[in-house]
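Observations on the three-dimensional arrangement
Spelled out, the chains give:
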Amino acid sequence: MIRTLLVVLALAIPVMALAITEPKTKTEYPDKVTVTVGGEEVTLVATGVGLREKTFAKVDVYSIVSYVQEGALLDDQGHDAGYGLMMAEVPKRIQMDLRRGFSRKKLIDAFEGVIKKNYDDMSAFEADMATFFAYFERDAEEKDQLIFDYVPGGGLTTTLNGEVKGTIDNSAFVQALWTVWFGKKPASGGLKKDLLGID
């Protein structure tokens, strides 16, 4: 089924203000951001915000917001809204704001572990995944900010604390990265719902 983003948002966010807030940490994010595509500004709208917590201790790990091109058509192909967003070949963004520090290895293992759960064969993006992991040259620190911007034809750009770490032009890897939050086996089912605005 093909649905517009507005339909997805309406499930839990009937009215979007100038900012949306992650309830526990009170972190505010703009409900809309702009990116440059082909020399023109494109508006992205927030699909939802959430908080990743360490499961048992309920320690805050990171707050996160997801954006996708305003008015984008998301084809879930009979799956769910997460699949539609994951597969969408439109400008989109994930922003993570870390709430605690942890080792570089833990950060990489967190990404890789979820991706592996969603794929039996990673040959289409394995080399690019290694390039992506090489961006993280030190341990993660509290207040680090990671932004993943995807523009079809322009690739996935990773920015750490305002510094562009690199761009990967492989849509298969972008889809794999988005499985961390929107895949069939995401890092957290509750977080997936939050990022899709689903109660």
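Before reading further, recall that the structure is shown in the block above.
Next up on the list: helix H5 (residues 171-182). The end-to-end C-alpha distance of H5 is 15 Å, a good match for the 16 Å that twelve residues give at a rise of 1.5 Å each. Within H5, eleven of the twelve residues are buried, leaving the element largely enclosed by the surrounding structure. For H5, the full list of buried residues reads Ala172, Phe173, Val174, Gln175, Ala176, Leu177, Trp178, Thr179, Val180, Trp181 and Phe182. The distance from a side-chain oxygen at the start of H5 to the backbone nitrogen of Ala172 is 2.9 Å, and the residue carrying that oxygen is Asn170.

Judged by nonpolar contacts, the single largest core of 47 residues is most densely connected at Met96, Phe111, Phe132, Phe148, Leu177 and Trp181. With nine residues, H5 is the largest single contributor of residues to this core. Once residues lying within four places of it in the same chain are set aside, the contact partners of Met96 are Tyr62, Ser63, Ile64, Phe111, Asp144, Gln145, Leu146, Phe148 and Trp181. Within the second largest apolar cluster, ten residues are counted, among which are Tyr29, Val33, Ala46 and Val65.

Let us now look at the sheet that holds strand E9 (residues 145-151). The seven strands lie next to each other as E4-E5-E6-E8-E9-E10-E11, forming an open sheet whose pairing is antiparallel. The open sheet has two edge strands with one neighbour each: strand E4 (32-37) and strand E11 (163-168). Here the average twist between neighbouring strands, direction ignored, is 25°. Where strand E5 (residues 40-54) and strand E6 (residues 59-69) come together, ten bridges link them in antiparallel fashion. Looking at E6, one finds that Leu44 is bridged to Gln69.

There is about 560 Å³ of room inside the largest pocket. Taken together, 21 residues form the lining of the largest pocket, with Arg52, Val61, Tyr62, Lys106 and Ala110 sitting closest to its centre. A per-element tally of the lining of the largest pocket places helix H3 (residues 104-118) first, with seven residues.

This brings us to the side chain of Gln95. As for its position among the elements, Gln95 is in strand E8 (residues 92-98). Overall, Gln95 belongs to the buried group, its relative accessible area being 11%. In this structure the side chain of Gln95 is engaged in a polar contact, spanning 3.1 Å, whose partner is the side chain of Asp97. Once residues lying within four places of it in the same chain are set aside, the contact partners of Gln95 are Tyr29, Ser63, Ile64, Val65, Gln145, Leu146 and Ile147.

Within the sequence span of helix H4 (residues 126-134), burial applies to Met129, Phe132 and Phe133. Axial view of H4: buried residues confined to an arc of 95°, hence all on one face. Close packing links the buried residues of H4 with H3, E9, strand E10 (155-160), E11 and H5.

Here is what the cut-offs are and how they apply
- Residues numbered from 1 in each chain as written.
- Predicted model: local features only at pLDDT ≥ 70, side-chain atom pairs only at ≥ 80, totals over all residues.
- Heavy atoms only, no water.
- Helix = DSSP H or I, 4+ residues; strand = E, 2+ residues; numbered from the N terminus.
- Expected span 1.5 Å × (residues − 1).
- Buried < 20%, exposed > 50% of the residue type's maximum accessible area, 1.4 Å probe, protein only.
- Polar contact = N/O pair within 3.5 Å; in protein donor to acceptor, adjacent residues only side chain to side chain.
- Core = buried A, V, L, I, M, F, W, Y, C linked by side-chain atoms within 4.5 Å.
- Contact = heavy atoms within 4.5 Å.
- Pairing = 2+ DSSP bridges.
- Axes fitted to C-alpha atoms, helices over the stretch in contact; angles between N-to-C directions.
- 1 Å grid on protein atoms, 1.4 Å probe; cavity = no way out; pocket = protein on both sides within 12 Å on 5 of 7 lines; lining within 4 Å.
- Points joined across faces, edges and corners; volume = space filled by probe spheres on them.
- Arc of directions from axis to C-beta.

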